[in-house]
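Commentary on secondary and tertiary structure
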Amino acid sequence: MAASEAGRPNLALRARDLATDPEAPQWVAVCAWVPGTGHCRNRDCSDACLLRAQCEADAARVRRWRRLRRIFRRSAG
Ligand SMILES: [Zn+2]
């Protein structure tokens with residue numbers, strides 16, 4: 001049934017955990033993470049930030065993507 005979700009179980013689970021965490025709304029209000037950039041603009045954002053794991057996973061994805069793009073550009077000319 002949920003075969004399409006089998007490839008990314010951890011992120012989906014984390015997101016669901018976040019949504020049920022009583023502290024989540026507070027962190028969502030404080031955290032200035034911009035999805036897709038892997039970067040949190042809030043300098044005061046601490047290790048305790050619930051969104052940090054999401055942000056770091058996002059950052060890793062962005063880094064991989066940038067590296068790929070650089071490789072493709074180089075090969076293109
Ligand atoms: Zn943050």
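Right above here is the structure, for reference.
1. So, the overall build of the protein
Helix and strand content of the protein: three helices and two strands. Across the protein, helices and strands are ordered from the amino to the carboxyl terminus as α-α-β-β-α. A burial count over the protein gives 8% of its 77 residues as buried. Of the contacts formed within the protein by residues at least 6 apart in sequence, a portion of 27% connects residues at least 24 apart.

2. A short note on helix 3 (residues 52-76)
Over its 25 residues, helix 3 extends 36 Å from the first C-alpha to the last, a length consistent with the 36 Å expected when each residue adds 1.5 Å. With two of its 25 residues buried, helix 3 lies for the most part at the surface.

3. A word on the nonpolar core
With five residues, the main nonpolar core is built from C31, W33, C40, L51 and C55. Aside from chain neighbours lying at most four places away, what touches C31 is C40, N42, C45, C49 and L51.

4. Side note on the environment of V28
Topologically, V28 is positioned in helix 2 (residues 24-30). Taking the C-alpha atoms as reference, V28 lies 7.4 Å from L51; in sequence the two are 23 residues apart.

Cut-off values and rules
- Residues numbered from 1 in each chain as written.
- Predicted model: local features only at pLDDT ≥ 70, side-chain atom pairs only at ≥ 80, totals over all residues.
- Helix = DSSP H or I, 4+ residues; strand = E, 2+ residues; numbered from the N terminus.
- Buried ≥ 20, exposed ≤ 12 C-beta atoms within 10 Å, placed from the backbone.
- Contact = placed C-beta atoms within 7 Å.
- Expected span 1.5 Å × (residues − 1).
- Core = buried A, V, L, I, M, F, W, Y, C linked by C-beta atoms within 7 Å.

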